[in-house]
Amino acid sequence: MTGRPEADLQPNALTPAWPERAAWGTATSLRAWQTAAMKRYFDTNPRDFLAVATPGAGKTTFALSVAAELLGRRMVDRITIVAPTEHLKLQWAEAAARAGIPIDPTYSAGKGKTSQDFVGIAVTYAGVAVNPLAMRIRTERFKTLVILDEVHHAGDALSWGEGVREAFEPATRRLALTGTPFRSDINPIPFVTYAPGDDGTPTSVADYAYGYAHALADHVVRPVLFMAYSGEMQWRTRAGDEIAARLGEPLTKDMTSQALRTALDPKGSWMPSVLTAADMRLDEVRRHVPDAGGLVIASDQDSARAYAKLLRQIAGEPATVVLSDEKAASKKITEFSEGNQRWMVAVRMVSEGVDVPRLAVGVYATTTSTPLFFAQAVGRFVRARTRGETASVFLPSVPNLLGFASEMEVQRDHVLKRKVNDEGDIFAAENDLLAEANASDAASDDLLGSFEALGSEARFDRVLFDGGEFGHEGEVHVGSEEEMDFLGIPGLLDPDQMRDLLHQRQSDRAKKQKASSRVRDDADSVAEVSTHEQLAVLRRELNGLVAAWHHRTKQPHGITHAALRKECGGPAAAVATAQQLTARIDRIREWAVRKTS
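Residues numbered from 1 in each chain as written. Predicted model: local features only at pLDDT ≥ 70, side-chain atom pairs only at ≥ 80, totals over all residues. Heavy atoms only, no water.

How would you sum up the overall build of the protein chain? Please name residues and give values.
Helices and strands together make up the secondary structure of the protein chain, namely 20 helices and 22 strands. The buried share of the protein chain, taken over its 597 residues, is 51%. Within the structure as shown, the protein chain displays about 26200 Å² of accessible surface, and the carbon and sulfur contribution to it stands at 51%. (Helix = DSSP H or I, 4+ residues; strand = E, 2+ residues; numbered from the N terminus. Buried < 20%, exposed > 50% of the residue type's maximum accessible area, 1.4 Å probe, protein only. Areas by Shrake-Rupley, 256 points an atom, 1.4 Å probe, with all protein chains shown as cover.)

Let's hear about the pattern of salt bridges: which residues, and what values?
Under the counting rule described, the total for this entry stands at 26 salt bridges. Of the charged contacts in the structure, one is a salt bridge between glutamate 284 and arginine 287, with a shortest N-O distance of 3.1 Å. With a gap of three residues between them, glutamate 284 and arginine 287 both fall in helix 9 (residues 270-288), about one helical turn apart. The exposure class of glutamate 284 is buried, given its relative accessible area of 15%. The structure contains a network of salt bridges with shared partners spanning Arg222, Asp291, Arg385 and Glu389. (Salt bridge = Lys/Arg side-chain N within 4 Å of Asp/Glu carboxyl O.)

Please give an account of helix 1 (residues 32-44) that cites residues and values.
A rise of 1.5 Å per residue sets the reference length of helix 1, with its 13 residues, at 18 Å; its end C-alpha atoms lie 18 Å apart and thus fit the reference within 8%. On its buried face, helix 1 is in contact with strand 1 (48-53), helix 2 (59-72), strand 6 (173-178) and strand 10 (208-210). At the C-terminal side of helix 1, asparagine 45 shows a positive phi close to 45°. (Expected span 1.5 Å × (residues − 1). Contact = heavy atoms within 4.5 Å.)

Lay out the environment of leucine 260 with the relevant residues and their values.
Mapped onto the fold, leucine 260 is located in helix 8 (residues 253-264). You can call leucine 260 buried: its relative accessible area is 5%. Once the C-alpha coordinates of leucine 260 and valine 398 are considered, the two residues, 138 residues apart in sequence, prove to be 7.5 Å apart. In this view, leucine 260 contacts Leu247, Thr366, Thr367, Pro396 and Val398; residues no more than four positions away in its chain are not counted.

Can you lay out the pairing of strand 13 (residues 293-298) for me, pointing to particular residues and giving the numbers?
Judged by how many residues are buried, strand 13 sits mostly within the fold: six of six residues are covered. Neither face of strand 13 is open: one carries Gly293, Leu295 and Ile297, the other Gly294, Val296 and Ala298, and all of them are buried. In this sheet, strand 16 (residues 359-365) lies alongside strand 13 in parallel orientation, the contact comprising six bridges. Looking across to strand 16, one finds that glycine 294 is bridged to valine 361. (Pairing = 2+ DSSP bridges.)

Summarise the packing of helix 2 against helix 3 (residues 86-98); cite the residues concerned and give the values.
The axes of two packed helices give the description: the angle between them and the distance between them. In contact at an axis separation of 11 Å, helix 2 and helix 3 are set at 55° when each is read in the N-to-C sense. Relative to helix 3, helix 2 is oriented oblique. Helix 2 and helix 3 meet at a crossing whose hand is right-handed. The residues of helix 3 that touch helix 2, namely those facing Thr60, Ala63 and Leu64, are Trp92, Ala95 and Ala96. (Axes fitted to C-alpha atoms, helices over the stretch in contact; angles between N-to-C directions. Parallel < 35°, antiparallel > 145°, perpendicular 65-115°, else oblique. Left-handed = near helix turned anticlockwise from the far one by under 90°.)

Give me the lowdown on the side chain of glutamine 234, citing residues and values where you can.
Position of glutamine 234 among the secondary structure elements: in strand 11 (residues 224-236). Here glutamine 234 is in contact with Glu242, Ile243, Ala244, Thr262, Ala453, Leu454, Gly455, Ala572, Ala573 and Ala574, once residues within four sequence places are set aside.

Would you mind going over the packing of helix 9 against helix 10 (residues 301-315) in detail, with residue names and values included?
The N-to-C vectors of helix 9 and helix 10 enclose an angle of 50°; their axes lie 10 Å apart at closest approach. As far as their axial angle goes, helix 10 and helix 9 are oblique. The two elements helix 9 and helix 10 meet at a crossing, and its hand is right-handed. Across the interface between the two elements, Met271, Pro272, Leu275, Thr276 and Asp279 from helix 9 touch Tyr307, Leu310, Leu311, Ile314 and Ala315 from helix 10.

So what's going on with the sheet that holds strand 4 (residues 120-124)? Which residues, and what values?
Ordered in space as 3-4-2-5-6-1-10, the seven strands form an open sheet in which the pairing is parallel. Pairing within the sheet leaves two strands with one partner each, and these edge strands are strand 3 (103-104) and strand 10. Its contacts with the sheet place helix 1 against strand 1, strand 6 and strand 10, and it is angled at close to 175° to strand 10.

Quick one: what's the story with the environment of histidine 557, residue by residue and with numbers?
Structurally, the position occupied by histidine 557 is in helix 19 (residues 557-568). Overall, the relative accessible area of 28% leaves histidine 557 in the partly exposed class. When the C-alpha atoms of histidine 557 and asparagine 543 are compared, they prove to be 8.5 Å apart, with 14 residues separating the residues in sequence.

Please set out the packing of aromatic side chains residue by residue, giving values where relevant.
Note on aromatic pairs: each is described by the distance of the centres and the angle between the planes. In total, this model carries 14 aromatic pairs according to the counting rule given. Ring centres of tyrosine 41 and phenylalanine 42 lie 5.0 Å apart, and the angle between their planes is 75°; this geometry places the pair in the edge-to-face category. As far as the burial class goes, tyrosine 41 and phenylalanine 42 line up, both buried. Here tyrosine 364 and phenylalanine 374 contribute two aromatic rings whose centre-to-centre distance is 5.4 Å and whose plane-to-plane angle is 55°, an arrangement assigned as tilted. With a gap of 10 residues between them, tyrosine 364 in strand 16 and phenylalanine 374 in helix 12 (residues 371-378) connect regions that are remote in the sequence. Each member of the pair, tyrosine 364 together with phenylalanine 374, is buried. Aromatic rings pair up to connect Trp33, Tyr41, Phe42, Phe49, Phe62, Tyr208 and Tyr210 into one cluster. (Phe/Tyr/Trp six-rings, centres within 6.5 Å; stacked < 30°, edge-to-face > 60°.)

Lay out unusual backbone geometry in plain terms, naming residues and giving numbers.
Glycine aside, residues mostly have negative phi, and peptide bonds are mostly found in the trans state. Notably, arginine 74 is not glycine yet its phi reads approximately 60°, a positive angle. Take arginine 74: it is sitting in the loop between helix 2 and strand 2 (78-83). Look at arginine 74 and you get partly exposed, because its relative accessible area is 38%. The backbone of phenylalanine 191 sits at a positive phi, close to 70°, despite the residue not being glycine. Its location among the elements puts phenylalanine 191 in the loop between strand 7 (184-185) and strand 8 (194-196).

Outline the pairing of strand 20 (residues 459-465), supporting the account with residue identities and numerical values.
Burial analysis of strand 20 places five of its seven residues in the buried class, which makes it a mostly covered element. Alignment of strand 11 against strand 20, held across five bridges, turns out to be antiparallel. Residue pairing in the sheet places phenylalanine 226 in a bridge with leucine 464 of strand 20. Where strand 20 lies against strand 22 (residues 476-477), two bridges are found, and the strand directions are antiparallel.

Could you give an account of the confidence of the model for the protein chain, naming the residues involved and the relevant values?
For the protein chain, mean pLDDT is 80; residues scoring 70 or higher make up 81% of the total. Across residues 418-449 the pLDDT falls below 50, and counting only partners more than four positions away or on other chains, this stretch makes 32 contacts in the model. (pLDDT = per-residue confidence, 0-100.)

Summarise helix 11 (residues 329-338); cite the residues concerned and give the values.
Where helix 11 is concerned, the buried positions are Ala329, Ser330, Ile333, Phe336 and Ser337. Relative to the axis of helix 11, the buried residues are bounded by an arc of 130° and lie together on one face. Counted as exposed and oriented over 90 degrees from the buried face of helix 11: Lys331 and Glu338. The inward-facing, buried residues of helix 11 abut helix 3, strand 13, strand 14 (320-322), strand 15 (343-346) and strand 16. (Arc of directions from axis to C-beta.)

Here it is as structure tokens:
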């Protein structure tokens, strides 16, 4: 031990919820789930313990409470914390310091020793993999508790898993934590117990699980309002095909991926429209939560900088840009967390574990669309501080993302892929490889090649909340009253109030639309169509005719669009004028007549 006063290491000295960042109702004591998990831990006194708790529930508090109790009972005398990123090492060290447990976040295997003022160290999984033998020697020297934060990372790469197993096999105690769905792969995670599932496939077994549904019921996390946006997209493939499609409509996997990339292109119209809507939503939230902030999660650094530039124009103030390879990244996150700025833009730096409690509005602007990453990203917005806060996350209307949003409350485990057991299962391995290829985000990268986004425009699609969907009939344009029905929802509402208000606004709008329709029918008149509505109708008609032409001639959509542009002139359909679109519609109809005759 280091000679620190014993009181500093007793659990009573710990302030579990840390009042300055406490969730509602937890300022002076452990939350109910943390108490229950602590009781189970010390009733069983296991060497290995896996705690699965939803992001924002307080896994750090639970782990440090266990650590303080073990230190106080002299069951361990050193702590090693393993985290996914450098920033999380610092965050753990700061949290441990507030709990009276001094942790060195600057330790490296090459350094060997650390100051006697520290009770433990914080390292990354990558750092462990570099020199697992050195970590093993340190682990053997002391009675060590190893805390494996977001333990699924130990299965990310073979070297990481092997390094963790070698380094911490001699540990006295190992406490594994995760807050997001495990992947489905063939790499077992070190020190995690597996048991046959319903189909006989090995599945991870949690010693204590606290899911999003339970945390929501306990007011430990915020409910999430998902704002989904669709719209018309147009792009050119490497082969020169120009393709037009609507985001959110049934498409092939490759076309869905290309439509999503087109939507996220900062030079198009979709992202500026969605960022504007998100900023309006942030305005509404800040009426009730003055320090509320927003986060845009981007695919790459170039996009992140471009989004920040757009946000400066929209919000009237600079956005904080956080890039993982910047030395000042951790400092920027800390300053944003403690400040009052409106927006932060990050690539992956804030996707997991990073604690910025004031984040209330998010924009999911990345092509990464796995269940694991989605849960990590949304987890940045669910940490509750005041009862009634609701998170708002804007996302593209892509089927898998909408599916993840509607399944927020589903608890997942780590499933090891099945192996070939007999002749009847001979194709199991091949089927798993095929499923992996189809599920991969990068499946179509080689086909995309010199993929080029040509144009995009956004449409408000729907709201997903508490497993239900809310919206209005027909196309809802950005900036319309129909969109504002949802963007203008108050920033402080309990889940029941939110659900009732969504139903009410949807019902009221439906009644207005029905009444308006009757008036038009009685007057036997046709309302004047606005320009953007007219363009949308013409584009749909043109795309329908191009699709029909494809069915008759088997000619790719892009070639047909290119031929029409060559004959009639003008830019891509997504940015063409009504006159240009009408000319193309007339021309393709002429082709159809000539082919028929």
